[in-house]
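One-letter residues, chain by chain:
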Amino acid sequence: MEYTQLGRTGLKVSRVVLGTMNFGPQTDEADSHAIMDAALDAGVNFFDTANVYGWGENKGRTEEIIGSWFAQGGGRREKTVLATKVYGNMGAEGQPWPNEDKLSALNIRRAVDASLKRLRTDHIDLYQFHHIDRSTPWDEIWQAIDVLVQQGKILYVGSSNHAGWHIAQANEAAHRRGSLGLVSEQCLYNLFERRAEMEVIPAAQEYGLGVIPWSPLHGGLLGGALRKEREGGGARSTSGRTADALKDSAVRAQVQRYEDLLDQHGLEPGEVALAWLLTRPGVTGPIVGPRTAEQLSSALRAAELTLDEELLTALEEIFPGTGPSPEAFAW
């Protein structure tokens, strides 16, 4: 496993990030533990979760599963760079109550303590803002974060789903306070969805944030969706984001070109999509969210895959990027 530093920090993380969103809703506790053990054995040290994972009445369940895995000992917690998130409402289902979501100082304080309890640990390595909170000023957010850093409850802070100007705004506010600010941005980015290249990734690079792409297969669209559709073995490949995209005949033709190209090279679509992200400037590593041990193995193979210039050029022709702003939309 290759490692890189997270953004401008000295923190070393694996170039494959283990996403845990399926732990609980799709993968039971025992299998989730087995996947985490396999990831750690393969050298994956960067695990990503969120307080809301588990969803609905079970939100928080994913953090609990990770916590019970840490509790087994064996150096599991010490070897793991643990990332979780705050923003979503953690109140009881159907009983909304003020201050149980977003990024107020009050909610941040409560959310950190609740995550620490579920995760059975005394600190979070990377605490991420799951979404932008337009109603809370950055000075309030950073004041709350500074206290938590001083208390040793969190070490680094990252963002997720933030625009380029949000990253700039956040880090300028942190700079005024003498704080480290954001060190990572977790955004939707893959071969099919490249709008992050316009402003988010340039802003992240300018301010020294590591980019952590989520949905690297675009919900399965880039994981051999058409082949699975033909073979009748991919229920997930024809649902959600993938199903919506494939309703467009132009997209379907585009994905077919992609799969045909990789068939010619004897390569797996999902592995190539992950390997492509590892070639992109500013990318720390994509988040892979395996539901099974085999899906984890596929992601690990992608980390060892080298794409030659001819193939990269062909991929660019099928999925052209937008380029940075303002050139992307102006002369």
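Reading the values: the criteria
- Residues numbered from 1 in each chain as written.
- Predicted model: local features only at pLDDT ≥ 70, side-chain atom pairs only at ≥ 80, totals over all residues.
- Heavy atoms only, no water.
- Phe/Tyr/Trp six-rings, centres within 6.5 Å; stacked < 30°, edge-to-face > 60°.
- Buried < 20%, exposed > 50% of the residue type's maximum accessible area, 1.4 Å probe, protein only.
- Helix = DSSP H or I, 4+ residues; strand = E, 2+ residues; numbered from the N terminus.
- Arc of directions from axis to C-beta.
- Contact = heavy atoms within 4.5 Å.
- Pairing = 2+ DSSP bridges.
- Salt bridge = Lys/Arg side-chain N within 4 Å of Asp/Glu carboxyl O.

1. A look at the packing of aromatic side chains
This model, assessed by the stated rule, comprises 9 aromatic pairs. An angle of 45° between the planes, with centres 5.5 Å apart, marks the rings of W69 and F70 as tilted. Of the two residues examined, W69 and F70, each falls in the buried class. Between the aromatic rings of F129 and W142, the centroid separation amounts to 6.0 Å while the plane-to-plane angle is 65°, which identifies the pairing as edge-to-face. Linking F129 in strand 6 (residues 124–129) with W142 in helix 5 (residues 138–151), this pair joins segments that are 13 residues apart in sequence. A residue is classified by how much of its surface remains accessible, and F129, at 0% relative accessible area, is buried. Three or more aromatic residues joined by ring pairs make a cluster, and in this case those are F47, W69 and F70.

2. Notes on helix 12 (residues 293–303)
Turning to helix 12, its buried residues are L296, A299, L300, A302 and A303. Along the axis of helix 12, the buried residues cluster in a sector spanning 155°; they form a single face. Those residues of helix 12 hidden inside the fold are in contact with strand 3 (17–19), helix 1 (29–41), helix 11 (269–277) and strand 10 (287–288).

3. Brief notes about the pairing of strand 5 (residues 81–86)
The element strand 5 is extensively covered by neighbouring structure, given that 6 of its 6 residues are classed as buried. Relative to strand 5, strand 4 (residues 46–48) is paired through 3 bridges, and the arrangement is parallel. Residue pairing for strand 5: F46 is matched across the bridge by V81. Examined bridge by bridge, strand 5 and strand 6 share 4 bridges and lie parallel to one another.

4. Remarks on the environment of L267
Secondary-structure assignment places L267 in the loop between helix 10 (249–265) and helix 11. In this structure, the C-alpha to C-alpha distance between L267 and L305, residues 38 residues apart in sequence, is 9.7 Å. Excluding its chain neighbours within four sequence positions, the residues that come into contact with L267 are L262, V272, L305 and L311.

5. Digging into the pattern of salt bridges
Inspection of every chain in the model, using the stated rule, returns 18 salt bridges. A salt bridge links D37 to R76, with the shortest nitrogen-to-oxygen separation between them at 3.1 Å. Here D37, found in helix 1, pairs with R76, found in helix 3 (residues 76–79); they are 39 residues apart in sequence, far enough to count as distant. Judged by its relative accessible area of 24%, D37 falls in the partly exposed class. Exposure remark for R76: the relative accessible area of 15% places this residue in the buried category. Where R118 meets E63, a salt bridge forms, and the shortest distance between an N and an O atom there is 2.7 Å.

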